[in-house]
Amino acid sequence: MLSDAYRPEVDLVPAPGKNHKVLGRLSLPERTFVADALRTETVGGVLLLAAAIAALIWANTPIRESYESVRDFHVGPASLGLDLSIEHWAADGLLAVFFFVAGIELKRELVAGDLKDPRAAALPVVAALCGMAVPALVYTLVNVTGGGSFDGWAVPTATDIAFALAVLAVIGTSLPSALRAFLLTLAVVDDLFAILIIAVFFTENLNFAALGGAAVGLGVFWLLLHRGVRGWYVYVPLALVIWGLMYNSGVHATIAGVAMGLMLRCTTRKDEGEQRSPGERIEHLVRPLSAGLAVPLFALFSAGVAVSGGALGEVFTRPETLGVVLGLVVGKAVGIFGGTWLTARFTRASLSDDLAWPDVFAVSSLAGIGFTVSLLIGELAFDGDQALTDEVKAAVLMGSLIAAVLSGVLLKIRNAKYRRLWEDEERDEDLDGIPDIYEQDNPAYHLRMAEIHERKAAEHRRLAEVTGGASEENDGPA
């Protein structure tokens, strides 16, 4: 989500005598990149929301048997160990595309983005870690007191950035770019640790032959990239082989997507006249496929759970499901807000003059929407117990819905302030394509504005003379 152009102006190690700002205004290149990334993610989020609603309707109407038939229909070569249901193809296959894009984003952050600079990385990393640790702790405490299973501790730790942006689009809030960028950075770090959780805690019964084959395939993939070999007809078949071997190894197949994404070069070679890195070009091509097809189809075949009154009531009575709901709604908001406040507090940084701490809390509560990765982790955590898996999915949906409503209300309260900030960021009175707020230190800008105001003043003087002459004629004798 964030490139070398995207570097939030958050310096948490102030120089002597200087008070640094948390969540300050983005530079123009950063703001431009964030706007482009948000555009694709928002469209994908709306499609994701539509797919989730379609799944719920399909699974809760008289034709629900057709939903189960399609979801459980098996297809694929059994001889290769790939005779999978449509649901598994969506979770293990299509989400590999999603994690491939996430891998590119992570690589770019690590080599050229916000995570490259330890000082700039402090705020989003600490906030994201707290935003994962506190929900896990909330889930654990609920299940300790209620006698539930600890297997689902990782379910409420994830944030779904696409769904969160879809909520922003639906409620129509004009969230300032600094807060949107903060949310995007949180999601990048969140994705990194979600990937680690899946790889470490949900890998069993390793097939070392298949894992070795996947490692060899990844080595060939890296060598081809290093040698500058081009052509989708080379990489796509190789990627499919790597994915198939990774699936049969016992490691979750989405890890193959992450590994390949991390291998792409995400820095530009200026001496060769390169405008965009290979990673950025490929991400630009693949992101619409991920956001517009892979993730919505995963939602379509994963979000179809029973949502009767009784089932929804059980979400708040069973410790596993209650832990997921409270983890998403309470744990995420408290964890991210607390991590942000503590980081600012102990680095003597102050919040941007344009924002208030309730704004940070509202965005923190928005991060409680944990749809896609939470559903995936829920399936992995309770694999073999379909009834509990469905209940946990219902809890993810309920928790995400509550977080969306809560954050929507909090953001709407401040929307008038956000709209003024947004209009300031967008205003371009000299029509040079650069918002005026970014040209306050440019003498040429002030000279252009002086010319514009002089022309307007001359026009007003001319109109005053015309209207004044007309008034004198009307006041003359009949």
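Residues numbered from 1 in each chain as written. Predicted model: local features only at pLDDT ≥ 70, side-chain atom pairs only at ≥ 80, totals over all residues. Heavy atoms only, no water.

Peer 1: Break down the nonpolar core for me, citing the residues and quoting the values.
Peer 2: Formed by 102 residues in total, the largest nonpolar core has its most connected members in Phe 99, Met 260, Val 324, Ile 369 and Phe 371. One finds Leu 82, Ala 96, Trp 243 and Ala 253 within the second-largest nonpolar core, a separate group that totals 5 residues. (Core = buried A, V, L, I, M, F, W, Y, C linked by side-chain atoms within 4.5 Å. Buried < 20%, exposed > 50% of the residue type's maximum accessible area, 1.4 Å probe, protein only.)

Peer 1: How would you sum up the packing of aromatic side chains? Please name residues and give values.
Peer 2: For the structure shown, the criterion picks out 10 aromatic pairs. Aromatic side chains Trp 58 and Tyr 67 sit 5.0 Å apart centroid to centroid with 75° between the ring planes, which places their arrangement in the edge-to-face category. The exposure class assigned to Trp 58 is partly exposed, which follows from its relative accessible area of 22%. Residue Tyr 67 is classed as buried on the basis of its relative accessible area of 1%. Taken together, a centroid distance of 5.9 Å and an interplanar angle of 85° make the contact between Phe 337 and Trp 357 edge-to-face. (Phe/Tyr/Trp six-rings, centres within 6.5 Å; stacked < 30°, edge-to-face > 60°.)

Peer 1: Break down a nonpolar patch on the surface for me, citing the residues and quoting the values.
Peer 2: Together, Trp 232, Tyr 233, Val 236 and Leu 240 make up a nonpolar patch on the protein surface, roughly 520 Å² of accessible area in all. Counting through the fold element by element, Val 236 comes out in helix α8 (residues 232-249). (Patch = residues over 30% accessible without salt bridge, like charges linked within 9 Å, V, L, I, M, F, W, Y side chains within 5 Å. Areas by Shrake-Rupley, 256 points an atom, 1.4 Å probe, with all protein chains shown as cover. Salt bridge = Lys/Arg side-chain N within 4 Å of Asp/Glu carboxyl O. Helix = DSSP H or I, 4+ residues; strand = E, 2+ residues; numbered from the N terminus.)

Peer 1: An account of helix α5 (residues 161-171) is requested, with residue identities and associated values reported.
Peer 2: Among the 11 residues that make up α5, 8 are buried, leaving the element largely enclosed by the rest of the structure. If you check which residues of α5 are buried, you get Ile 161, Ala 162, Phe 163, Ala 164, Leu 165, Ala 166, Val 167 and Leu 168.

Peer 1: Just give me the short version of the environment of Gly 103, but keep the residues and values in it.
Peer 2: By the secondary structure assignment, Gly 103 is in helix α3 (residues 86-112). In sequence terms Gly 103 and Gly 279 are 176 residues apart; their C-alpha atoms lie 9.8 Å from each other. Every residue in contact with Gly 103, bar those within four places of it in the chain, is listed here: Val 258, Gly 261 and Leu 262. (Contact = heavy atoms within 4.5 Å.)

Peer 1: Break down the packing of helix α7 (residues 208-226) against α8 for me, citing the residues and quoting the values.
Peer 2: Viewed as axis vectors pointing N to C, α7 and α8 meet at an angle of 155°, and their least axial separation amounts to 8 Å. One way to sum up the angle between α7 and α8 is to call them roughly antiparallel. The chirality of how α7 crosses α8 is left-handed. Contacts from Ala 210, Leu 211, Gly 213, Ala 214, Gly 217, Leu 218, Val 220, Phe 221, Leu 224 and Leu 225 in α7 reach Val 234, Tyr 235, Leu 238, Ile 242, Leu 245, Met 246, Asn 248 and Ser 249 in α8. When the residues that make up the contact of α7 with α8 are grouped by side-chain class, the tally is 14 nonpolar, 4 polar and no charged. (Axes fitted to C-alpha atoms, helices over the stretch in contact; angles between N-to-C directions. Parallel < 35°, antiparallel > 145°, perpendicular 65-115°, else oblique. Left-handed = near helix turned anticlockwise from the far one by under 90°. Nonpolar A, V, L, I, M, F, W, Y, C, P; charged D, E, K, R; others polar.)

Read these as layout, nothing more, since geometry by itself doesn't imply function.
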